[in-house]
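So you can see what is in the structure, the chains are spelled out below.
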Amino acid sequence: MGQSVVTVSSGTADLVEEAPLLCAVLGEDLQNYLFECLPSDEDGFERNGFEHCVDIKGLPGHKYMEGYFHAMPGRHEQTVPSVHPRWGCPLDRRPAPLQLSAFCAAFRQVNAEMLCSLQRTVERISKRRGLAPVMQRQACFADLSVQIHWGDEVPTQQAAWHVDAPNSFLHLALGLQGRRALLAQRRKVPRVPGQPRSEVGTETLWQEPGAAYLSTPCCFPHAVHYPQTTWEQRIVAVQCRLLLTDDELFAVDNREALDTDPHATLAQAIFRHLSQAHLQIPSLAEVEAHHRRMDESDFRTRASIHADGLQVQ
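Figured I'd write up the structure that's included with this text. (Residues numbered from 1 in each chain as written. Predicted model: local features only at pLDDT ≥ 70, side-chain atom pairs only at ≥ 80, totals over all residues. Heavy atoms only, no water.)

Moving on: the overall build of the protein chain. A tally of helices and strands in the protein chain yields eight helices and 14 strands. By the burial criterion, 50% of the 313 residues in the protein chain qualify as buried. A separation of at least 24 residues holds for 78% of the contacts in the protein chain among residues at least 6 apart in sequence. Summing over all exposed atoms, the protein chain offers an accessible surface of approximately 15600 Å²; the carbon and sulfur share of this is 50%. (Helix = DSSP H or I, 4+ residues; strand = E, 2+ residues; numbered from the N terminus. Buried < 20%, exposed > 50% of the residue type's maximum accessible area, 1.4 Å probe, protein only. Contact = heavy atoms within 4.5 Å. Areas by Shrake-Rupley, 256 points an atom, 1.4 Å probe, with all protein chains shown as cover.)

Pasting the structure below:
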């Protein structure tokens with residue numbers, strides 16, 4: 001769905017003062033389809049390369065695992081070079097489970113009109129720098145982080161406030177199981193003396209199972225509150241971001257950098273565009289159709305490799 005645009009006059013053009021956040025809901029059948037492609041136990045996640053993470057050292061009873069994958073079109077049998085989101089070192093991302101890759105492909109397709117229009121907008125800013133090359137190579141929603149939380153509560157007062165890296169200029173979040181609360185400061189407001197910084201203009205957006213949102217969390221402070229939960233009721237979320245290169249993520253030349261200043265040209269263009277957009281979620285049938293095409297592509301690739309081997313012999 002779209003949303004109202006909060007603007008203020010800057011003398012030449014109105015600034016969009018509130019970062020957009022578009023909400024939608026996965027169909028229950030699609031939610032289960034995506035959840036079931038993941039391991040069912042902690043050992044299974046570890047065998048699939050998930051890492052144990054600690055965001056809040058004062059809460060040892062809260063458990064958190066994260067796995068990193070890619071969903072680049074046409075490369076679902078290959079690793080792709082990227083950057084580790086926590087350590088900043090090189091990371092060869094493995095392909096995501098086909099169900100998740102198929103979802104990302106279907107999501108890009110059902111939102112093609114919005115994405116193509118946004119691409120034209122950022123190309124008018126610069127065709128060779130910024131977000132344009134990222135969109136041209138279809139790297140939107142191709143950087144996947146799968147997050148698993150369980151154990152003790154992360155209360156609002158201890159939530160880890162942060163601002164994302166530039167790969168969250170287009171950030172799609174999916175809730176596959178459990179509920180969590182996004183704490184967000186999408187608009188700057190005056191601070192009352194003595195008021196904790198974490199409470200200034202903070203909105204609490206509960207994410208129920210199946211919830212999805214598209215936003216720009218590289219442009220505003222946010223945190224997440226996690227209720228206490230068991231492993232069986234663990235909180236499972238998928239963060240789908242821009243798959244950036246090392247140079248794009250850590251640009252030394254300011255002309256190449258993705259400027260995350262919410263009042264800068266790129267952010268304002270994205271804010272305006274998303275604030276007028278309508279977020280579409282693919283159906284299970286549409287995702288399964290992409291899954292079948294990926295399976296068929298894999299089969300043809302394996303058959304070609306086998307045939308080449310026979311010819312060599």
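With that settled, consider the packing of helix α4 (residues 112-125) against helix α7 (residues 265-275). Packing of α4 against α7 leaves a shortest axis separation of 10 Å and a crossing angle of 155 degrees. Viewed along their axes, α4 and α7 adopt a mutual orientation that is roughly antiparallel. Where α4 crosses over α7, the handedness of that crossing is right-handed. Residues Met114, Ser117, Leu118, Thr121, Val122 and Ile125 of α4 pack against Thr265, Leu266, Ala269, Ile270, His273 and Leu274 of α7. (Axes fitted to C-alpha atoms, helices over the stretch in contact; angles between N-to-C directions. Parallel < 35°, antiparallel > 145°, perpendicular 65-115°, else oblique. Left-handed = near helix turned anticlockwise from the far one by under 90°.)

Before going further, it helps to spend a moment on the side chain of histidine 222. Along the chain, histidine 222 falls in strand β13 (residues 222-225). Its relative accessible area of 5% is what places histidine 222 among the buried residues. Of note is the side chain of histidine 222, whose polar atom sits 3.1 Å from the side chain of aspartate 164. A distance of 3.0 Å separates the side chain of histidine 222 from the backbone oxygen of phenylalanine 220, its partner in a polar contact. In contact with histidine 222, other than residues within four places in its own chain, are Ala160, Trp161, His162, Val163, Asp164, Leu182, Leu183, Ala184 and Pro217. (Polar contact = N/O pair within 3.5 Å; in protein donor to acceptor, adjacent residues only side chain to side chain.)

Estimated volume of the second largest pocket: approximately 340 Å³. Taken together, 20 residues form the lining of the second largest pocket, with Gln185, Arg187, Lys188, Phe220 and Pro221 sitting closest to its centre. Grouping the amino acids of the lining of the second largest pocket by side-chain chemistry returns 11 nonpolar, three polar and six charged. (1 Å grid on protein atoms, 1.4 Å probe; cavity = no way out; pocket = protein on both sides within 12 Å on 5 of 7 lines; lining within 4 Å. Points joined across faces, edges and corners; volume = space filled by probe spheres on them. Nonpolar A, V, L, I, M, F, W, Y, C, P; charged D, E, K, R; others polar.)

To describe a pair of aromatic rings, one takes the distance between the centres and the angle between the planes. Considering all chains together, one arrives at six aromatic pairs under this definition. When the ring of phenylalanine 107 is compared with that of phenylalanine 141, the centres are 5.1 Å apart and the planes differ by 90 degrees; the resulting orientation is edge-to-face. Of this pair, phenylalanine 107 sits in helix α3 (residues 98-110) while phenylalanine 141 sits in the loop between α5 (132-136) and β8 (143-151); the two residues are 34 residues apart in sequence, bridging distant segments of the chain. The same class applies to phenylalanine 107 and to phenylalanine 141, which are both buried. (Phe/Tyr/Trp six-rings, centres within 6.5 Å; stacked < 30°, edge-to-face > 60°.)

With 13 residues, α3 ought to run about 18 Å at 1.5 Å a step, and its terminal C-alpha atoms sit 18 Å apart, in line with that. With respect to burial, α3 is a largely interior element, 10 of its 13 residues being buried. If you check which residues of α3 are buried, you get Leu98, Leu100, Ser101, Ala102, Phe103, Cys104, Ala105, Ala106, Phe107 and Arg108. (Expected span 1.5 Å × (residues − 1).)

As for its placement among the helices and strands, histidine 84 is situated in the loop between β6 (80-83) and β7 (90-95). Once residues within four sequence positions are removed from consideration, histidine 84 is found in contact with Glu51, Tyr68, Cys89 and Leu91.

If you check α4, its first and last C-alpha atoms are 20 Å apart, about what 14 residues at 1.5 Å a residue would give, namely 20 Å. Listing the buried residues of α4 in full gives Met114, Leu115, Leu118, Thr121, Val122 and Glu123.

Here the focus is the pairing of β13. Taking every second residue as pointing to the same face, both faces of β13 are buried, with His222 and Val224 on one and Ala223 and His225 on the other. Bridge analysis of strand β10 (residues 180-184) against β13 gives four bridges, and the strand direction is antiparallel. Across the sheet, leucine 183 pairs through a bridge with alanine 223, a residue of β13. (Pairing = 2+ DSSP bridges.)

Glancing now at the nonpolar core. In this structure, Phe103 and Leu170 are the most contacted members of the largest nonpolar core, which totals 78 residues. At eight residues, α3 tops the list of elements feeding residues into this core. Residues contacting leucine 170, with those up to four places away along its chain left out, are Leu115, Leu118, Met135, Cys140, Phe141, Leu214, Ser215, Cys240, Arg241, Leu242, Ile270 and Leu274. (Core = buried A, V, L, I, M, F, W, Y, C linked by side-chain atoms within 4.5 Å.)

What follows covers the pattern of salt bridges. Inspection of the entire model under this criterion finds seven salt bridges. Across the pair glutamate 66 and arginine 86 runs a salt bridge whose closest N-O atoms are separated by 3.7 Å. With glutamate 66 in strand β5 (residues 62-70) and arginine 86 in the loop between β6 and β7, the pair connects residues that are 20 residues apart, well separated along the chain. The salt bridge involving aspartate 143 is made with arginine 93; its shortest N-O contact spans 3.2 Å. Here aspartate 143 is found in strand β8, whereas its partner arginine 93 is found in strand β7, with 50 residues between them in sequence. Each member of the pair, aspartate 143 together with arginine 93, is buried. (Salt bridge = Lys/Arg side-chain N within 4 Å of Asp/Glu carboxyl O.)

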